[in-house]
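# Inside the fold
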Amino acid sequence: MRRRDLLRAVPLLAASPVLSGAATGPRRLMVVFASGGWDSTYCLDPKLGVVGIEGPEVDSDPGDPQDVEVVETFDGIPIVTNPVRRPAVATFFGNWARYVAVVNGIWVGNIAHAPCRQRMLTGRASGVVPDVSVIAGSVLGGDATPLGSVDASGLGYAGDLAATTGRVGRQSQLALLLDPSSSFPPPFGWDANYPGFLPTFDDEAAATAFLRRRAEVAEGLRGGGHAMARMADYGESLNRLERLVPMAAEIVRELSLGADPSFATTAGLAMTLFELDVARSVLLDSNLPWDTHASNVLQHGYYDSLFGGLNELMASLDERNLLETTTVVVMSEMNRTLRRNRSLGKDHWPWASALILDKRLNGGRVLGSTNDLMEGNAIDLASGVEDVLGIPLGYDNFAAGLLDFLGVDPEPWLEGVPVWRGLSS
Amino acid sequence: MWLLFAALSCDDPPVATSLTSDERVNRVSMAIRGVRPSADELEVVRHGGDAALSALVDGWLASDAFGATIRDLHNELFLLRSDLVPMLPEEGPLVGTEVADRYASTTESALRLVEDIVLGGRPYTEIVTATDFRGDRILANVYGLEFDDDGEDLQAMTWMDGRPMAGVLSDSEMWRRHVSNGSNFHRGRAAMVAQALLCDDFEDRDVVVEGGVDLTNELLVAEMVATQPSCVGCHQTLDPLAGFFWGFKEQLMGLAVTQAYREGCHWPNDLELPPPDGGLPEDFCYPLRLFAPEHELGWMDWGLREPGYYGESASGLDELGKRIAEDPRFWDCTTRRFASFFRQQDIDELNVADVARWRKAYLDSGFDARELVRAVVLDAEFVDPGDGPLSWLAVRPEAHARAIEQLTGFRWRAAPADQGCLENCWRDVDLLTTDLYGFRAMAGGVDSTYVLRATNTMTPTRALVHMRAGYESAAYVVKADLAAAVGERRLLGDWETAAPPTLTRRTIASLYERILGERIDPDGAEADAAFALFDGTRDVSGPEAGWTLLTATLLRDARMEYY
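Counting restarts for each chain, with residues numbered from 1 along the sequence as it is written. Lettering of chains starts at A and numbering of ligands starts at 1, both following the order in which they are written. Whole-chain, interface and lining totals are the exception, using all residues; otherwise, since this is a predicted model, local features are given only for residues with pLDDT of at least 70 and side-chain atom pairs are given and counted only at 80 or more. Processing note: side-chain calculations cover all non-hydrogen atoms of the structure and skip hydrogens and water entirely.

## Considering the interface of chain A and chain B
Using the following cut-off: Only heavy atoms matter for contacts: two residues are in contact if any of them lie within 4.5 Å across the pair. The quantity reported as buried area is the accessible area (1.4 Å probe) lost by two parts once they are put together, taken as the sum for both. When a carboxyl oxygen of Asp or Glu is within 4 Å of a side-chain nitrogen of Lys or Arg, the pair counts as a salt bridge. Here a polar contact is taken to be a pair of N or O atoms separated by no more than 3.5 Å, where protein atoms must pair a possible hydrogen donor with a possible acceptor and residues adjacent in sequence count only if both atoms sit in side chains. In this text, helices come from DSSP runs of H or I with a minimum length of four residues, and strands from runs of E with a minimum of two, each type numbered from the N-terminal end.
Contact with chain A, which involves 89 residues of that partner, is made by 101 residues of chain B. A per-residue breakdown of the area chain A buries against chain B is headed by A:Arg222, A:Arg230 and A:Arg342, which together make up 12% of the total. Put simply, chain A and chain B have eight salt bridges between them. One can count 35 residue pairs in polar contact (both at pLDDT 80 or more) joining chain A with chain B. Of all the secondary structure elements, the ones that give two or more residues to the side of chain A that touches chain B are α3 (113-122), β6 (165-167), α5 (174-178), α6 (201-221), α7 (225-244) and β10 (348-349) of chain A.

## Re the pattern of salt bridges
Note the threshold: Type-normalised accessible area, obtained with a 1.4 Å probe on protein chains alone, sets the label of each residue: buried when under 20%, exposed when over 50%, and partly exposed for intermediate values.
What the rule picks out here adds up to 73 salt bridges over all chains. A:Lys47 is the salt-bridge partner of A:Asp45, the closest N and O atoms lying 4.0 Å from each other. The same class applies to A:Asp45 as to A:Lys47, namely buried. The shortest N-O distance in the salt bridge between B:Asp379 and B:Arg357 comes to 2.5 Å. Note that B:Asp379 is positioned in the loop between α17 (369-377) and α18 (380-383) and B:Arg357 in helix α16 (residues 352-364), a separation of 22 residues in sequence. Relative accessible area serves as the criterion here: at 41%, B:Arg357 is assigned to the partly exposed category. Among the charged side chains, a network of salt bridges with common partners joins A:Arg213, A:Arg214, A:Arg222, B:Glu23, B:Glu518, B:Glu526, B:Asp557 and B:Arg559.

## Looking at the domain arrangement of chain B
Residues and elements named next belong to chain B. As a reminder, the rule being used: These domain boundaries are the output of an automatic or database domain assignment.
On domain assignment, one finds that chain B holds domain 1 (15-60 + 327-393) and domain 2 (399-561). Between the C-alpha centres of domain 1 and domain 2 there is a distance of 27 Å. Of the residues lining the interface, 17 residues belong to domain 1; the matching set on domain 2 comes to 16 residues. For the pair domain 1 and domain 2, the summed buried area comes to about 1300 Å², and 40% of that belongs to carbon and sulfur atoms.

## Structural notes on the nonpolar core
So the rule is basically this: Residue types Ala, Val, Leu, Ile, Met, Phe, Trp, Tyr and Cys, when buried and joined through side-chain atoms within 4.5 Å, form a set referred to as a nonpolar core.
A:Phe93, A:Phe307, A:Leu355, A:Phe398 and B:Phe78 are the most contacted members of the largest nonpolar core, which totals 288 residues. The greatest single-element share of this core, amounting to 11 residues, is contributed by helix α20 (residues 460-483) of chain B. When residues no more than four places from it in sequence are discounted, the contact partners of A:Leu355 are A:Leu44, A:Phe92, A:Phe93, A:Val100, A:Ala101, A:Val102, A:Phe307, A:Leu310, A:Val328, A:Val329 and A:Val330. Grouped together as the second largest cluster of nonpolar side chains are seven residues, A:Ile53, A:Leu338, A:Trp351 and A:Met374 included.

Here it is as structure tokens:
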């Protein structure tokens, strides 16, 4: 049985102590990925004054009395702030900390970007597997939405749920595809004009019906099992596309064709996709170059930009009546080392942090922790609290915990992985 | 009785039928070349059977299209075709060149070397021992290589900066793409080589940093990786491999070249500051100085392990190449990488006995990769897959683009730069095989920067890409065909506006055979359905629109998407 087949067996919105009775609409997930590896000592995991750790304080200008690093507590969450370099961090937590859970000390078990990204997003170290955004979108959307999930970053993993998910393109090329009348011009001297043909609605409907009939015939030709699954992907893709196209004009309005992507524009797109009920999950890139090997001082600006964007995102979600139903997960694939290297940058560190935002969350909490060597402390997976008899929170437990929190049974996707239930406690 | 019949018909999966002769020819042709077989080729195998298919494969393995497939395979392995990062700028000797040409010249050099070795029938092991490669004027200008302006566009060339010659291991673009960051000391490059060529995946392993080892203290790290038990397991082999790459700069990005030109390509003499780490500004102006022999022993400065190959002492990239070429793990890994690509399976999913069989064919041929490909694609399971994992294979974006061009003469090219671009503008982009403006990763391919693994099945976005590509290419070929003389047409044969229905049906049957490799009865039910699709639009919008709609629809048929 393919994993997708299991969808039918997985009860949607399985009872969760936090969610039951609280939902006022369909569950949605927005994953914001800080690709490159953020330095959590600049924000989520205060280590000011800890011997051996060079946090944000090493960048302070002694001549500027305002340029100081402090630990402020927002609704019970200690956060490192700096009014000069990262004012948006304090603003964000001042506004939203009550809906926030910070997760520290997630063991990633690697220090290379690609494998760490796969681990944090999928909960698996290897294999062709879907990420939590794709799984959640597929299960939460089912057949109700044209797409289960959308990868607006290019960073995601579709696995065997590829037929449920869509991509936007690095520079929003999806706009070109959804709007048949739009096109880049042909090169000089090239003997073609675009669009060469604009099918009518009836043309496309007839073509789709023709293709569907042909696929149904082909489906049986090479037996069951894999053969049927491949053809099922074809049919499902056609079906989803057919439901997506009528929403094209509204989607295209949110796409900035040919422009370098920004967090703000892709977050806007994500909210529109939610409003139109195109998808139930979206994966975004923070679009900031967090991999600061050569100059770690750049982390200040990236944090300020990210949290400025998150603050606007949360306000927009609220304004657009999506806050009640949307879980926002902000994560990076790894952390950065305790001290700076010879280029005053920092290298990779295999313990990650994350941020979960949800109005229905028992917020204002820090789940998990690190010691003064920036290693995760053991926790009790069931409660999420520190427990010397427990184990460090692994990337697989974390991914399973996210799915569980969203009401998606993680077992079919992360078979045998103990579920971290910190978010639900 | 009725209940039993109902139960059987609902619950029993369909039984797989063997592939027809046409389906086999199409499958092998698409796998090897990414293009459809001709009507003649289909006919030859119908009569000649497996022997005729084998003979056809001989020719296909010598074709340019197979060479393109070999480049595609190695791009998925080496991840070189990335247009999402800033390209080398139009400066100095590159003024007047197009960014698309600079992209192709640089990213294809290693891929072309592999193609030349494979198509030339040379031992595949030469990809890590070759002493020269082919490049164009742009590549020569970028790296200061000899080039005869009166000669061919692509000429044999070799590195002139003292680097040891070791095929793709010496290729500059490999190490511009696979950088070394911070205190990585080329370990990432070593891991990439081990993973791609030896199937030894260091990055798959768990990394346990015990006791708070400070990874930024290079000297401490050097000591720990040699003594700490949790580190030694990987680093005793990884670090000596990394030791071979010290002659290369850690990185040399396009933006650094732009910056160097802004600074006048020299380090000001009046500055008493030391030059920036990694070299002088002049290193970042053309010809780029990516390799410096004097840095090859840099590992000594950090107390790291000396270069070595899995416990054997060695020095220099050329020796690394020789060790890899002689390593049975390389032979085995090559077998698995090729099989994985053609069968669209993870290397871990391959059957051990199958791998042994293909490996034997490869070794018996003296490392001729063409024989390896032949063994894989003529394997019984490949040509008669039943309902197993090979039942339907998905066409890759690059192959899809080739098939579309072969059938319609159309490449979906565009000039996005005309829309307000001022610097390093792309004025001629192939939309199906690139990502900055195009749709390669959206259609299931890799972009080599973010999307590192192909998606070998249908997706909604891919369906959308192919829908648009289908309409554009169909419009192009139908318009051209209807304007051309009968004998010069690609798809529409001798059809004329006043043609009787019988001729229209014959043309439809011919379209099926040409595009899908499928023979249908011109008077049968399938032709009826196609005729209805054609006729519905012809009645409203005319025959050109009717043919365009039908052709575009066949170009995204399930049998075009899968083979």
